Amino acid sequence: MRLLVTGGAGFIGSRLVTRLVAEGHEVDVVDDLSSGSLANLAEARAGSHGGGSSGELRFHQLDVRSPAVVALFERRRPEIVFHLAWRPLDDPAEDAELTVGATLRVVQGSVR
C-alpha cells in the first residue's frame, strides 16, 4: 500500500514510518526538518534497503504548506495519509496559519 506521512521525521511520525516500512508499505515522508531529524528515520531507512518484507521509504524535504505538496500527491497518489506535521509556536496567529495552511494543502492533495 502507498502511504504518505507528513511530519514523518518527528518523534511520533518517525516511529509510525518505521512500523509502516517494516510492514512492507511504500511510504513517502514529508517534513521540512524544522523540528524533526533524518536521524529519527535511520531505522526505517535501513529497513527500506534490507529486502525481505520491508517496504520502501522516500523522503521529501518540503514545508507541508507548499504547493509542491499538492504536486507530490498527484505524482505519488497515496492511498492513505497520516497528517502529523506540527510545530510549537509562540505566536497564535502564526500557529493558526501553519496548522490551517498545512491541513489545507494536505486536503487539496488528497482531493486530487
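Residues numbered from 1 in each chain as written. Predicted model: local features only at pLDDT ≥ 70, side-chain atom pairs only at ≥ 80, totals over all residues. Heavy atoms only, no water.

Examining the overall build of the chain
Heads up, the rule is: For the purposes of this entry, the term helix denotes a DSSP run of H or I that reaches at least four residues, the term strand denotes a run of E that reaches at least two, and both are numbered from the N terminus. Radius of gyration here is computed from C-alpha atoms only, and the compact-globule reference equals 2.2 Å multiplied by the residue count raised to the power 0.38.
In terms of helices and strands, the chain carries four helices and four strands. Mapped in sequence order, the helices and strands of the chain form the string β-α-β-α-β-α-β-α. Relative to its length of 112 residues, the chain is compact, with a C-alpha radius of gyration of 14 Å against a globular reference of 13 Å. Counting only C-alpha atoms, the chain reaches 45 × 30 × 15 Å along its principal axes.

Some words on the environment of Val100
Our working definition: Here the term buried applies to any residue with accessible area under 20% of the maximum for its type, exposed to any over 50%, and partly exposed to those in between, with areas from a 1.4 Å probe on protein chains only.
Mapping Val100 onto the fold places it in helix H4 (residues 92-111). What makes Val100 exposed here is its relative accessible area of 54%. The spatial distance from the C-alpha of Val100 to the C-alpha of Leu3 is 22 Å, given a sequence separation of 97 residues.

A few points about the nonpolar core
Convention followed: We call a set of buried Ala, Val, Leu, Ile, Met, Phe, Trp, Tyr and Cys residues a nonpolar core when their side-chain atoms join them within 4.5 Å. The contact definition used throughout considers only heavy atoms, calling two residues in contact when any of these lie within 4.5 Å.
In this structure, Leu3, Val5, Ala9, Val17, Leu20, Val21, Val27, Val29, Leu41, Ala44 and Leu57 together form the largest nonpolar core, which totals eleven residues. Contributing elements (two or more residues each) for this core: strand E1 (2-6), helix H1 (11-22) and strand E2 (26-31). The element that contributes the greatest number of residues to this core is H1, accounting for three residues. When sequence neighbours within four positions are dropped, the list of residues in contact with Ala9 reads Ser14, Val29, Asp31, Leu33, Gly36, Ser37, Asn40, Leu41 and Phe59. Counting eight residues, the second-largest nonpolar core is a separate cluster that includes Leu4, Val69, Leu72 and Ala102.

Concerning H4
Here is the rule: By definition here, a helix of n residues has an expected span of 1.5 Å times n minus one. Polar contacts, as used here, are pairs of N or O atoms within 3.5 Å; protein pairs need one atom able to donate a hydrogen and one able to accept it. Residues neighboring in sequence count only if both atoms are side-chain atoms.
In a regular helix each residue adds 1.5 Å, so 20 residues correspond to 28 Å; H4 covers 28 Å between its end C-alpha atoms and thus fits that length. On the buried face of H4, the contacting elements are E1, helix H3 (67-76) and strand E4 (80-83). Looking at where H4 begins, the residue whose side-chain oxygen comes 3.2 Å from the main-chain nitrogen of Ala93 is Asp91.

What to know about the sheet that holds E2
Our working definition: The pairing criterion is simple: DSSP has to find at least two bridges between the two strands. Note on geometry: axes are lines fitted to C-alpha atoms, helical ones only across the stretch in contact, with angles between N-to-C directions running from 0 to 180 degrees.
Taken in spatial order, the four strands line up as E3-E2-E1-E4 in an open sheet, and their pairing is parallel. At either margin of the open sheet sits one strand with a lone partner, and together these are strand E3 (56-61) and E4. Strand-to-strand twist of the sheet, defined as the mean angle between neighbouring strand axes without regard to direction, takes the value 15 degrees. Docked against the sheet, H1 engages E1, E2, E3 and E4, running at close to 170 degrees with respect to E1. In the packing of H3 onto the sheet, the strands contacted are E1, E2, E3 and E4, and the crossing angle to E2 comes to about 175 degrees.

Examining the packing of H3 against H4
What counts here: Reported orientations rely on four angle classes, namely roughly parallel under 35 degrees, roughly antiparallel over 145, roughly perpendicular from 65 to 115, and oblique for the rest. Throughout, a crossing is termed right-handed when the near helix is turned clockwise from the far one, and left-handed when it is turned anticlockwise from it by less than a right angle. Put simply, Ala, Val, Leu, Ile, Met, Phe, Trp, Tyr, Cys and Pro go in the nonpolar bin, Asp, Glu, Lys and Arg in the charged bin, and everything else, Gly too, in the polar bin.
Put simply, H3 and H4 touch, their axes get as near as 8 Å, and they point 25 degrees apart. Our classification of the angle between H3 and H4 gives roughly parallel. Handedness of the crossing formed by H3 with H4: right-handed. On H4, the residues that touch Pro67, Val70 and Phe73 of H3 are Arg105, Val106, Gln108, Gly109 and Ser110. Taken together, the residues of the contact of H3 with H4 sort by class into four nonpolar, three polar and one charged.

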